[in-house]
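Here are the chains, one letter per residue:
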There are 2 protein chains.
Amino acid sequence: MDRLDRKILRLLQEDTTLAVADLAKKVGLSTTPCWRRIQKMEEDGVIRRRVALLDPVKINTKVTVFVSIRTNSHSMEWLRRFSEVVAEFPEVVEFYRMSGDVDYLLRVVVPDIAAYDAFYKRLIAKIEIRDVSSAFAMEQIKYTTQLPLDYMIIDQKTGEE
Amino acid sequence: MDRLDRKILRLLQEDTTLAVADLAKKVGLSTTPCWRRIQKMEEDGVIRRRVALLDPVKINTKVTVFVSIRTNSHSMEWLRRFSEVVAEFPEVVEFYRMSGDVDYLLRVVVPDIAAYDAFYKRLIAKIEIRDVSSAFAMEQIKYTTQLPLDYMIIDQKTGEE
DNA sequence: TTTGAAACCGAGACGTC
DNA sequence: GACGTCTCGGTTTCAAA
């Protein structure tokens, strides 16, 4: 992968509506090679999928809650079961195993506090958890699916630009 | 919006590659009305954008760090400046103003701990922050851009299905 | 071996019934 | 909601660099 691939990815992370020909122009490439690079990156799994992003407000899920979880059961088995349970809840959009103080962190999206409370009850009904603490986001100041491309490992052969 | 719109959104949140005709079939609609519904939802801003999702591992940003921030300056002015600074860093993919103990929460993606340290130094060089605490994710168990559609406000006229 | 132009063909974007 | 048309863009081929 080189700088041109990076440019292509940068554009595709913003908008996949862009026609290959236009994209090629912006990147400074002609259509065919640009198209081939995209194909390759799809094959290689660099490009995972192409999806639609919706407006959380219009979908009635504007409230984000971060849920910190501590557990007693540090077994693989418990984690497996917990992962299964969490996967069932579409409200959980992110789920991390953490180092340090907290064991797991969830990002949950719901319409309002009442809905969060309902979600919470459904969750703890499904699985035993030692300690749960919820932090509410008042405002989402930034949210992007665009990963920084500056750390990409670049094939230097191509030289400048 | 009704149940059919919801079905359409569910599919588009998974994959925008799907041809309108195929999507229509899955939803149980013929092509034109399905296409028109999509158009409408784009106009209405329910569908925000269509983007490519990349593989964090391949892009060399597999480490997620949650950064909790406390500040002394609770002024609008400080927040404005802080937002500006944060917006400059592509490593910050999410940024929330929180209620309670912590004032702000960032999700930062980097290749490794060393890169996080470098990021951290660049950040605090740019703006005064009272207290910063970083929590590292060991594993990303779930990450989705698909919002739950169960809370959508549905026009009941259509009745069942 | 890689590139770019040009042709092919299917799908999207509408208008009309 | 079904057609039909028109157009544009993705895909492939092929000649040239």
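Residues numbered from 1 in each chain as written. Chains lettered and ligands numbered in written order. Predicted model: local features only at pLDDT ≥ 70, side-chain atom pairs only at ≥ 80, totals over all residues. Heavy atoms only, no water.

## Some details on the overall build of chain A
Then, in step 1: Each helix and strand in chain A was counted, giving 5 helices and 5 strands.
Then, in step 2: For chain A, the α and β elements follow one another from N to C terminus as α-α-α-β-β-α-β-β-α-β.
Then, in step 3: Expected size for 161 residues packed as a compact globule is a radius of gyration near 15 Å; at 21 Å, chain A overshoots this value by more than 25%.
Then, in step 4: Burial analysis of chain A (161 residues in total) assigns 48% to the buried set.
Then, in step 5: Sequence separation of at least 24 residues holds for 68% of the intrachain contacts in chain A that already meet a minimum separation of 6.
Then, in step 6: Total accessible area on chain A stands at roughly 8,200 Å², and carbon and sulfur atoms take up 51% of it. (Helix = DSSP H or I, 4+ residues; strand = E, 2+ residues; numbered from the N terminus. Rg over C-alpha atoms; globule rule 2.2 N^0.38 Å. Buried < 20%, exposed > 50% of the residue type's maximum accessible area, 1.4 Å probe, protein only. Contact = heavy atoms within 4.5 Å. Areas by Shrake-Rupley, 256 points an atom, 1.4 Å probe, with all protein chains shown as cover.)

## Structural notes on the pattern of salt bridges
Pairing between side chains of opposite charge can happen when their charged atoms approach one another.
Residue and element names in this part refer to chain B.
Then, in step 1: In total, this model carries 32 salt bridges over all chains according to the counting rule given.
Then, in step 2: Between D2 and R37 there is a salt bridge, with its nearest N and O atoms 2.9 Å apart. Taken together, the residues span a long stretch of sequence, with D2 in the segment before helix 1 (3–14) and R37 in helix 3 (residues 31–43) at a distance of 35 residues.
Then, in step 3: With relative accessibility at 8%, the residue D2 sits in the buried group.
Then, in step 4: We classify R37 as partly exposed; its relative accessible area is 21%.
Then, in step 5: Two residues, D55 and K58, come together in a salt bridge whose shortest N-O distance is 3.8 Å.
Then, in step 6: You can call D55 buried: its relative accessible area is 8%.
Then, in step 7: Using a relative accessible area of 39% as the deciding quantity, one classes K58 as partly exposed. (Salt bridge = Lys/Arg side-chain N within 4 Å of Asp/Glu carboxyl O.)

## Some thoughts on the interface of chain A and chain B
Size of an interface: often given as the accessible area lost when the parts come together.
Then, in step 1: Across the contact, 69 residues belong to chain A and 69 residues belong to chain B.
Then, in step 2: Where chain A abuts chain B, roughly 6,300 Å² becomes buried across the two surfaces, and 59% of that area is made up of carbon and sulfur atoms.
Then, in step 3: Summed over the three residues of chain A that lose the most area to chain B, namely L54, K142 and Y151 of chain A, the buried surface amounts to 12% of that side.
Then, in step 4: R97 of chain B is paired through a salt bridge with E139 of chain A; the nearest N and O atoms lie 2.8 Å apart.
Then, in step 5: Seen at the junction of chain A and chain B, the total is 42 residue pairs in polar contact (both at pLDDT 80 or more).
Then, in step 6: Elements that contribute at least two residues to the side of chain A that touches chain B include exactly helix 1 (3–14), strand 1 (47–54), strand 2 (63–70), helix 4 (76–88), strand 3 (92–98), strand 4 (104–110), helix 5 (113–126) and strand 5 (131–143) of chain A.
Then, in step 7: Pairing geometry for strand 5 of chain A and strand 3 (residues 92–98) of chain B, over 5 bridges, is antiparallel. Residue pairing for strand 3 of chain B: A137 of chain A is matched across the bridge by M98 of chain B. (Buried area = accessible area lost by both parts, 1.4 Å probe. Polar contact = N/O pair within 3.5 Å; in protein donor to acceptor, adjacent residues only side chain to side chain. Pairing = 2+ DSSP bridges.)

## Considerations on the protein's contact with DNA strand D
Then, in step 1: Neighbouring residues of DNA strand D: A19, V20, T32, W35 and Q39 of chain A together with L29, S30, T32, P33 and R36 of chain B.
Then, in step 2: Atoms of DNA strand D within 4 Å of the protein belong to the sugar or the phosphate in 75% of instances, the rest to bases.
Then, in step 3: Measuring from a phosphate oxygen of DNA strand D, one finds a side-chain N or O atom of W35 of chain A at 2.6 Å.
Then, in step 4: Between DNA strand D and T32 of chain B, the relevant distance is 2.8 Å, taken from a base nitrogen to a side-chain nitrogen or oxygen of the residue.
Then, in step 5: When residues of the surface near DNA strand D are traced back to their parent elements, those giving at least two are helix 3 (31–43) of chain A together with helix 3 of chain B. (Near = heavy atom within 4 Å.)

## Let's talk about the relation of the copies chain A and chain B
Then, in step 1: When chain A is brought onto chain B, the operation consists of a screw motion whose angular component is 180° and whose axial shift is 0.0 Å, with 0.0 Å RMSD remaining. Both copies of the chain, as the preceding transformation shows, are related through a two-fold rotation axis. Identified as the residue of chain A closest to the rotation axis by C-alpha distance is V51 of chain A, at 2.8 Å.
Then, in step 2: Here 100% of the interface residues in chain A have copies in chain B that are interface residues too; the copies meet face to matching face. (Least-squares fit on C-alpha atoms with pLDDT ≥ 70 in both.)

## Considering the protein's contact with DNA strand C
Then, in step 1: Residues in close proximity to DNA strand C include S30, T32, P33 and R36 of chain A together with A19, V20, T32, W35, R36 and Q39 of chain B, which together make up its full environment.
Then, in step 2: When atoms of DNA strand C within 4 Å of the protein are sorted by moiety, sugar and phosphate together comprise 54%.
Then, in step 3: Here a phosphate oxygen of DNA strand C sits 2.4 Å away from a polar atom, N or O, in the side chain of W35 of chain B.
Then, in step 4: Looking at which element gives the most residues to the surface near DNA strand C, the answer is helix 3 of chain B, with 4 residues.
Then, in step 5: Split into classes, the residues belonging to the surface near DNA strand C amount to 4 nonpolar, 4 polar and 2 charged. (Nonpolar A, V, L, I, M, F, W, Y, C, P; charged D, E, K, R; others polar.)

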